[in-house]
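Coordinate analysis (summary)
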Amino acid sequence: MRHRRTAVIGCLGTAAATLLPWLLSIPLAGQTRPGPSPFPAAYRAPRLADGHPDLNGIWQAFVTANWDLQDHEAQPGAHPEVMGAYGSGPAGQSIVEGGEIPYKPEALAKKKQNVERRMQVDVSNDKRWHDVGDPELKCYMPGVPRATYMPFPFQIVQGSGPAILIAYEFTSATRIVRMSGQQEAPNDSWMGWSRGRWEGDTLVVDVTGQREETWFDRAGDYHSGALHVVERYTPVSPFHLMYEATIEDPNVFTHPWKISFPLYRRMEKNLQLLEYKCAPFTEELLYDRFRKQAAR
Amino acid sequence: MSRHSLSLSLVVLALVAGVGAQAPKKFTPPRTPWGDPDLQGVWNDATSTPLQRPGAVGAKDVLSDEEAVEFQANLAHDLTRDRRDGGNEVDVNRAYNEHWMDARRLKITSDRRTSLIVDPADGRIPPLVPVSPERQRARAARADANARFNAGLPESFRDMSLPVRCIIRTDSPPYLPTIYNNNFQIVQSPGYVTIAPEMIHSARIVPLDGRPHLNKNLRQWLGDSRGRWDGPTLVVETTNFRTDEGVIFQGANPDTFKITERFTRVAADAINYEFTVEDPATWTKPWTALIPWNKVDPAEQMYEYACHEDNFDIVHFLTGARTREKNGETVPKRTAPAGGER
Amino acid sequence: MRNKLPFAFMAAAAILVTWAAAVSAHHAFAAEFDATKPVHFQGTVTKMLWVNPHAWLYIDVKKPDGTVEEWMIEAGTPNTLFRRGFTKNSLAPGTEVIVDGYQAKDGALRANGRDLTLPNGQTLFLGSSGTGAPDEGGKKN
């Protein structure tokens, strides 16, 4: 059975390889005109011993989607009277296919509310601990796909074992992509439960079981506990992966929607992920309202 | 094999086993497809063997079968959360019943050593070097903060330890066993060994290509690790630790502290994890401990340990302290001398 | 009849020192919960929060005068229980539980769940005779 499946996948892989340049010539959302693919037409990534493409490396996105997945102008950001240009955000074009996230009309109110309160925190009541504030502000793990387009590198650690590890510099978040076994997540988690498989040269990762409290960006884009994400990582040159994620959540969106952008291989000599443990940067904000006040 | 030589072999084996030596049995570790020794899997290091050999044991470095059985039975009784004796003052510290705990922590190591420390031969941490006045002051400040916290009167989050604040827990090298979540996942790729501890999540991606450490001015909570193979053994050296109080193992001096860890696959289901620490400003000589790692059942998994995200207790400690201050509670005077952390 | 080996006692004490370091790095239970305020009550589960570093059980407790108090019961790391087969569905809202523990020192309606049992006497989260774990063969609550 496994051999037949491999043969079928092999055929699909060949088909995909043939179609890939055509597919890549389809304009990415936000660009105005189609053109030839910028990537080598017949690129075939080096292989690991098990025959799968080698995705090892340190990768980073250069879209501004962490500010806003959709089209956005430059903005002053929060508290410009304190932050000046340090806190301001750049302009960016939407990485959403079709341009807009297909919210259900009644779900838009919460997005608006999220943005208005993105810099508020209130941890005075356990039951409302996560009610306000961008989780990124509080240094909570960002979930998938946000972790992919945060302005920090991440590292794919791929051997030939049953697990691929993805390590994110942001708050040392990690996730295990389980390449075999069909176990379910026992519980929701901040980085979700990831199961991977190969479709030709594409690593397809199915992510379920994410905590409902994560956001997609600083523009309040959000989801419910029913979120289902399918990611695709495809090597398209020695220095690029093409990343796509399909996002599905019938509680919040009218239909599934897709984002895509290239991931760039970081090329600096001896580069490594450094630590970005940001929890200590948030403790004053979160907890100092409960500290002992100086005697008057 | 003739019966005579077989029984001779068995006698030899029995002698070797009886000595309780740490010498790994002859085992050829599997290799990754690119030729590195394969350490991969999910591993558990829970044990009840103490770090230091207890004084009453004298020079005994290994327990007999009988002693081991008795020790484990007594320990299981002492440590179980299910007992309710001793009055409320004792019971309140036995949080939650037994089944929230890692059951493997009640077992001593299979080689029945009386301490995790294997060098020095007495199984104890070497004598300490007197610390500088500056370090004494820092330790005293931390001890005062601990006293406020233990009295239920922390002034701010700054009075809480790094583990309580969810900054580092058992993920900081050297890895010591604890009451639960004693799990590590090792994933290897060409040129790297990655060790992912469960508590708290992170990935220690160890390059094997001989590149230098980060420059001295770049410090990290978990240090900066470099690895190389010594035969079947992964040797990891870690430097560049931050200088915050509570980061360095046992309060050693960040500028002179050195830690070397060795990971050796000694059986299909076992890794020997060995660490050597040295700091002439803290200990009179280096010392080494050996902790076996056991492979977990493949059906068992490492799960996400998010910590900061739902750390409600920080607020409980602080709001509770403010209430108690209003009720006139104060911190008891600290009498114990300040010591090292961990 | 042998005496207990002195080693056994000393080793246990040494263990407790080692573990005390690990546990106190984790929590000072006596600092948060009051040994003079033990609690023992029956309540109805409204929510089970399987989070780290502590799971939390929300229960409604009906007082003798008919009013209902909402209590928050602190428990251990859920990861240990996931490895025993528990999932987020293992303690459903509506389940009746008995809590044995100690109340928070500041008087908040919070306690550490020292022991959690069902009204029929089964201890919750006990591998062999508990409830909810899929591999027990018994009925889920």
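Residues numbered from 1 in each chain as written. Chains lettered and ligands numbered in written order. Predicted model: local features only at pLDDT ≥ 70, side-chain atom pairs only at ≥ 80, totals over all residues.

**Digging into the overall build of chain C**
Counting secondary structure elements, chain C contains 3 helices and 5 strands. Counting helices and strands in the order they occur from the N terminus, chain C gives α-α-β-β-β-α-β-β. Residues counted as buried form 44% of the 141 residues belonging to chain C. (Helix = DSSP H or I, 4+ residues; strand = E, 2+ residues; numbered from the N terminus. Buried ≥ 20, exposed ≤ 12 C-beta atoms within 10 Å, placed from the backbone.)

**Thoughts on the overall build of chain B**
Within chain B, the secondary structure is distributed over 5 helices and 10 strands. Within chain B, the fraction of its 342 residues that count as buried is 43%. Considering only contacts in chain B between residues 6 or more positions apart, those separated by 24 or more positions represent 65%. (Contact = placed C-beta atoms within 7 Å.)

**Some remarks on the environment of A:Ala45**
Residue and element names in this part refer to chain A. By the element assignment, Ala 45 lies in the loop between helix H1 (2-25) and strand S1 (57-61). Along the backbone, Ala 45 and Val 236 are 191 residues apart, and their C-alpha atoms lie at a distance of 7.6 Å. When near neighbours in sequence (up to four residues on either side) are disregarded, Ala 45 contacts Pro 53, Asp 54, Asp 201 and Pro 235.

**A few points about the sheet that holds strand S3 (residues 68-74) of chain C**
Strand order around the closed barrel formed by 5 strands is S1-S2-S3-S5-S4 (chain C), with mixed pairing between neighbours. Shown here is a sheet whose adjacent strand axes are inclined to one another by a mean of 55°, direction ignored. (Pairing = 2+ DSSP bridges. Axes fitted to C-alpha atoms, helices over the stretch in contact; angles between N-to-C directions.)

**Considering the confidence of the model for chain B**
Chain-level statistics for chain B give a pLDDT mean of 87 and a share of 89% at 70 or above. Low pLDDT, under 50, characterises residues 6-21 of chain B; the stretch is placed with 7 contacts to residues that sit more than four places away or in other chains. (pLDDT = per-residue confidence, 0-100.)

**Looking at the pairing of strand S1 (residues 33-49) of chain C**
Note on strand geometry: in a regular strand, side chains alternate between the two faces of the sheet. All names here are of chain C. In the sheet, S1 pairs with strand S4 (residues 96-104) via 8 bridges, with the strands oriented antiparallel. In the sheet register, Gly 43 faces S4, and the bridge partner there is Val 97. Bridge analysis of S1 against strand S2 (residues 56-62) gives 5 bridges, and the strand direction is antiparallel. Along S2, the bridge assignment pairs Leu 49 with Trp 56. Where S1 hands over to S2, the hairpin turn is made up of 6 residues, counted between the paired strands.

**A few points about the nonpolar core**
Soluble globular proteins tend to bury their nonpolar side chains together. In this structure, A:Ala147, A:Val157, A:Ile164, A:Leu165, A:Ile166, A:Ala167 and A:Leu241 are the most contacted members of the largest nonpolar core, which totals 100 residues. The greatest single-element share of this core, amounting to 6 residues, is contributed by strand S3 (residues 163-168) of chain A. Excluding anything up to four places from it in sequence, A:Ala167 contacts A:Phe154, A:Gln155, A:Val157, A:Thr174, A:Leu273, B:Ala203 and B:Ile205. Within the second largest apolar cluster, 28 residues are counted, among which are B:Trp100, C:Val51, C:Leu91 and C:Ala104. (Core = buried A, V, L, I, M, F, W, Y, C linked by C-beta atoms within 7 Å.)

**So, helix H5 (residues 313-326) of chain B**
In this model, H5(B) (14 residues) spans 20 Å end to end at C-alpha, consistent with the 20 Å of a helix rising 1.5 Å per residue. Buried positions along H5(B) lie against helix H5 (279-287) of chain A together with helix H2 (29-32), S4 and strand S5 (110-117) of chain C. Following H5(B) by one or two positions, B:Gly328 has its phi on the positive side, about 90°. (Expected span 1.5 Å × (residues − 1).)

**Some words on the environment of A:Pro46**
Residues and elements named next belong to chain A. Along the polypeptide, Pro 46 turns up in the loop between H1 and S1. Here Pro 46 falls in the exposed class, since 9 other C-beta atoms lie within 10 Å of it. Note: C-alpha distance between Pro 46 and Val 230 (184 residues apart in sequence) is 24 Å.

**Details of the pairing of strand S5 (residues 193-199) of chain A**
Residues and elements named next belong to chain A. As paired strands, strand S4 (residues 174-178) and S5 are joined by 2 bridges and run parallel to one another. Within S5, the position partnered with Arg 178 by the bridge is Arg 195. Note that S5 and strand S6 (residues 202-208) share 7 bridges and pair antiparallel. Pairing of Arg 195 across the sheet is with Asp 206, part of S6. If you look at the hairpin formed by S5 and S6, you'll find 2 residues sitting between the two strands, and Gly 200 has a positive phi there, around 60°.

**Notes on the confidence of the model for chain C**
Residues and elements named next belong to chain C. Looking at chain C, pLDDT values average 73 and 68% of them are 70 or higher. Considering only residues more than four positions removed or in separate chains, one finds that residues 1-26, a stretch of pLDDT under 50, has 43 contacts. Per-residue pLDDT stays below 50 along residues 127-141; that stretch engages in 28 contacts with residues further than four places along the chain or on separate chains. With a pTM of 0.87, the predicted complex shows an ipTM of 0.88.

**A few points about the sheet that holds S3(A)**
Taken in spatial order, the 9 strands line up as S1-S2-S3-S4-S5-S6-S7-S8-S9 (chain A) and close into a barrel, and their pairing is mixed. The average undirected angle you get between the axes of adjacent strands in this sheet is 30°.

**What to know about the environment of B:Pro298**
The topology assignment puts B:Pro298 in the loop between strand S10 (287-295) and H5. Distance from B:Pro298 to B:Gly41, taken between C-alpha atoms, is 8.4 Å for residues 257 residues apart in sequence.

**Digging into unusual backbone geometry**
The bulk of non-glycine residues show a negative phi, and the bulk of peptide bonds are trans. A cis geometry characterises the amide bond from A:Val144 onward to A:Pro145, with omega recorded as 15°. Within the secondary structure, A:Pro145 is located in the loop between helix H3 (108-116) and helix H4 (146-149). Cis geometry marks the peptide bond from B:Asp119 to B:Pro120, where omega comes out at 15°. With respect to the helices and strands, the residue B:Pro120 is situated in the loop between strand S2 (117-119) and helix H4 (133-150). Phi at B:Asn181 is positive, roughly 55°, even though this residue is not glycine. With 23 C-beta atoms counted inside 10 Å, the residue B:Asn181 sits in the buried group. Positive phi, normally seen in glycine, also occurs at B:Asn240, with a value near 60°. Summarising the element assignment, B:Asn240 is placed in the loop between strand S7 (233-239) and strand S8 (258-267). On the neighbour-count criterion, B:Asn240 (18 C-beta atoms within 10 Å) is partly exposed.

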